[in-house]
Each structure stands twice: as structure tokens, then as C-alpha cells.
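The chain contents come next:
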Amino acid sequence: MRVIIKQDAAQCAKWAADYVSYKIKRHHPTPNKPFVLGLPTGSTPLGMYQELIKQCASGKVSFEHVATFNMDEYIGLPPEHPQSYHYFMKENFFKHINIQTKNIHILNGMTRDYEKECTEYENAIKKLGGINLFIGGIGTDGHIAFNEPGSSLTSRTRIKTLRLDTIKSNARFFDNDITQVPRTALTVGIGTIMDAQEIMIIATGRNKAEAIKHGIEGALTHMWPISVLQMHQHGIILCDEEAASMLEADTIKYFKEIENRTD
Ligand code: GLP
């Protein structure tokens, strides 16, 4: 696992965007060989999206032959609902870059047939040859996408009931009214994320420190889904100093030293 500790959220955003651009360019994407990105929502990736928008506008990166799969979507929110992840992605990223609509994939939270929707999503990922780089955030309890603690570490795309803590935490996007937050969501599974060639999890702020500690120094356990990254061949945790603040001093020194030499 690579652990990259940057001073603050802005530096994380810049590093993440530069890494995504570099990966896309190195892939030399074409219509038949698109670069396939897994994407998150939440406040954490916003800085990265803003930076990628700038890089796209200046011609540093092109999304013309990039295909995307979002991690999750609330059940019952139509795409035009301001808190749906469809809306979030369109407003904060897609409408500002040169991505082709046909290459955007987001789970349909309005479907009546959840099983079919989830199976088709998994099939669409396979059809494009799998995900090259899956980017994620984390919940304060270490959840990735909507895979809450206790989720099977080999789970696939499916419907999940959200924990009360997650509902409370996401209420900030719903006028702080927890009754407005959907109780269920469709989400890629941990197994779906783990199938990606590479995974980059971004965490910023002190409220993510416990999850980061468990993910890096703790044992592999379904109670801290982030810890599954220890089993991936190409996992990156990108965090700021606040999110890294509960790590042992030696852990920080170890990973910083490796990254300094890598740079
Ligand atoms: C939600 C999303 C996750 C995201 C998490 C953290 O639960 N389903 O994918 O990582 O929120 O969000 P934030 O980045 O706003 O802290």
C-alpha cells in the first residue's frame, strides 16, 4: 500500500488530480480502449474535481475517451434531485469536462428492479475491461462507497441499508434534516472495488483520523471496510495531516520517507 500524506486538503486535491491526469495520458485512451475510472461523491473529492476541470480546460487532460462508473446512488432520488449523486456529478464535474454522456455510468436509484440494475452495472464494468482506477472517499466509520461496517469484503453491487450514523452524517446535505435522507442506497460492492487495477482512497480532516488509523495500522476486518485495501496489490491512501493525525509517529515517518525517495 502507498500512503501519501500531504499538508492539507488542497494539496491532496492537486496530487489526486495530477495522478488521474497522468494515468489517463499514460493509458493513451481510444474509443475502443477507454480509460475506465471509478468515481466517488461527497465533499472530499470536490477539490480534485475542480482541479481536473481546470486541467481539462487548459488541455492538460482529455476525458473524450474516459468512461466512468460512480460508486453509489441513493434509492428514491430522481437524477434531478439536488442531493442525488447523478445531480452532484453533473454539476460538480461532468458538465464542465469533455466527457461523452454515453461513457457516464451511475446506478439508477429509481429502478424497480434493483437486482437487474446491479447485475447490469457489474456487466457494464466487465464489458469495458474492468476499472483502471477506482477513486473513493471514506466515511468516519471506515465505509467505502456505501459498504457499511460488517459488509462482506467480497460483496458485489447491491442494495444496502444505511447506518443511522451515516444518515446523520449525510444529513448536512439535506438541510440537516435526517428525515430527508434516504434509508437505502445502491452501491458497488467491496469486491467490485477490489477488482480495479488500482484504488486510490482520499481522506481529509480530523474526523477521518480513526478510520485512517484502522485502515493502515489495524487488522483486516469487515468492521473497518477501508482495511480491505491492505489486500490490494495497488492501493493508495492519500490523506492530509489531520486525517493522518492518529497514526503512530513511526508510521508517518516510514511512509513519508518512502514517498520522498519515490518522488
Ligand atoms: C457517503 C458516500 C461515500 C463517501 C462518504 C464520505 O457516505 N457514499 O462514498 O466517501 O459519504 O463523504 P465526505 O467526503 O463528504 O466525507
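Scroll up a little and you will see the structure.
First, a word on scope: everything that follows refers to the structure included in this document. (Residues numbered from 1 in each chain as written. Predicted model: local features only at pLDDT ≥ 70, side-chain atom pairs only at ≥ 80, totals over all residues. Heavy atoms only, no water.)

**As for the overall build of the protein chain**
Helix and strand counts for the protein chain come out as eight helices and ten strands. Taking 263 residues into account, the globule formula puts the C-alpha radius of gyration at 18 Å, and the protein chain, at 17 Å, falls close to it. Referenced to the eigenvectors of the C-alpha coordinate spread, the extents of the protein chain come out at roughly 50 × 45 × 35 Å. Within the span of the protein chain, comprising 263 residues, buried residues form 54% of the whole. Across the protein chain, every contact between residues at least 6 apart in sequence was considered, and the portion connecting residues at least 24 apart equals 78%. (Helix = DSSP H or I, 4+ residues; strand = E, 2+ residues; numbered from the N terminus. Rg over C-alpha atoms; globule rule 2.2 N^0.38 Å. Buried < 20%, exposed > 50% of the residue type's maximum accessible area, 1.4 Å probe, protein only. Contact = heavy atoms within 4.5 Å.)

**Concerning the packing of aromatic side chains**
Per the counting criterion, the structure on display carries eleven aromatic pairs. When the centroid spacing of 6.1 Å and the interplanar angle of 10° are considered together, the rings of Tyr-85 and Phe-146 count as stacked. Here Tyr-85 is found in helix H3 (residues 85–92), whereas its partner Phe-146 is found in the loop between strand E6 (133–136) and strand E7 (158–161), with 61 residues between them in sequence. Both residues of the pair, Tyr-85 and Phe-146, belong to the buried class. Measuring from centroid to centroid gives 5.0 Å for Tyr-254 and Phe-255, while their planes differ by 75°, and the two rings are edge-to-face. An aromatic cluster is built from Tyr-49, Phe-63, Phe-93 and Phe-94, whose rings are joined through pairwise contacts. (Phe/Tyr/Trp six-rings, centres within 6.5 Å; stacked < 30°, edge-to-face > 60°.)

**What to know about the packing of helix H2 (residues 46–57) against H3**
Two quantities define a packed helix pair, namely the angle between the helix axes and the distance between the axes. Interhelical geometry of H2 versus H3 gives an angle of 40° and a closest axis separation of 10 Å. Judged by the inter-axis angle, H2 sits oblique to H3. On H3, the residues that touch Leu-46, Tyr-49 and Ile-53 of H2 are Phe-88, Met-89 and Asn-92. For the contact of H2 with H3, the class distribution of residues is five nonpolar, one polar and no charged. (Axes fitted to C-alpha atoms, helices over the stretch in contact; angles between N-to-C directions. Parallel < 35°, antiparallel > 145°, perpendicular 65-115°, else oblique. Nonpolar A, V, L, I, M, F, W, Y, C, P; charged D, E, K, R; others polar.)

**Here we look at the side chain of Asn-103**
Structurally, Asn-103 can be placed in the loop between H3 and strand E5 (104–105). For Asn-103, a relative accessible area of 11% puts it in the buried group. Beyond its immediate sequence surroundings of up to four residues, Asn-103 is in contact with Glu-64, Val-66, Ala-67 and Thr-68.

**Overview of the site of the ligand**
Near the ligand there are 13 residues, and of these Ser-43, Thr-44, Asp-72, His-143 and Lys-208 occur at the shortest range. A distance of 2.7 Å separates an oxygen atom of the ligand from a polar side-chain atom of Ser-43. When the ligand is considered free in solution it has 390 Å² of accessible area, and contact with the protein chains removes 95% of it. Placement of the ligand is best described as lying within the largest pocket. Across the shell around the ligand, the residue classes tally to four nonpolar, six polar and three charged. (Near = heavy atom within 4 Å. Polar contact = N/O pair within 3.5 Å; in protein donor to acceptor, adjacent residues only side chain to side chain. Areas by Shrake-Rupley, 256 points an atom, 1.4 Å probe, with all protein chains shown as cover. 1 Å grid on protein atoms, 1.4 Å probe; cavity = no way out; pocket = protein on both sides within 12 Å on 5 of 7 lines; lining within 4 Å. Sits in = over half its atoms within 2 Å of the grid points.)

**Focus: the layout of surface pockets**
Of the voids in this model, the largest pocket is the one considered here, and its volume is about 590 Å³. Around the largest pocket, the lining is made up of 32 residues, and of these Thr-41, Gly-42, Ser-43, Asn-170 and Arg-172 lie nearest the centre. Broken down by element, the residue count for the lining of the largest pocket peaks at four residues, all from helix H5 (residues 164–170). Residue classes in the lining of the largest pocket are distributed as twelve nonpolar, 15 polar and five charged. (Points joined across faces, edges and corners; volume = space filled by probe spheres on them.)

**Here's the deal with the sheet that holds strand E2 (residues 35–39)**
Spatially, E1-E10-E9-E6-E2-E3-E5 is the arrangement adopted by the seven strands of the open sheet, whose pairing is parallel. Both edges of this open sheet fall to strand E1 (2–6) and E5, since each of them pairs with a single strand only. (Pairing = 2+ DSSP bridges.)

**Examining helix H1 (residues 9–27)**
Here H1 is 19 residues long and its end C-alpha atoms lie 27 Å apart, about the 27 Å a rise of 1.5 Å per residue gives. Among the residues trailing H1, His-28 stands out with phi positive, at a value near 50°. (Expected span 1.5 Å × (residues − 1).)

**Considering helix H7 (residues 209–217)**
Every α-helical turn comprises 3.6 residues, leaving residues that sit three or four positions apart pointing alike. Listed as buried for H7 are Ala-209, Ala-211, Ile-212, Gly-215 and Ile-216. For H7, the angular spread of the buried residues around the axis is 155°, confining them to a single face. (Arc of directions from axis to C-beta.)

**Examining the packing of H1 against H2**
Running from amino to carboxyl end, H1 crosses H2 at an angle of 50°, the nearest separation of the two axes being 8 Å. On the basis of their axis angle, the class for H1 and H2 is oblique. In the crossing of H1 with H2, the sense of the turn from one axis to the other is right-handed. On H2, the residues touching Ala-13, Lys-14, Ala-16, Ala-17, Asp-18, Val-20 and Ser-21 of H1 are Gly-47, Met-48, Glu-51, Leu-52 and Gln-55. Each residue belonging to the contact of H1 with H2 can be placed in one class, and the counts come to six nonpolar, three polar and three charged. (Left-handed = near helix turned anticlockwise from the far one by under 90°.)

Remember that the coordinates give geometry; whether it matters functionally is a separate question.
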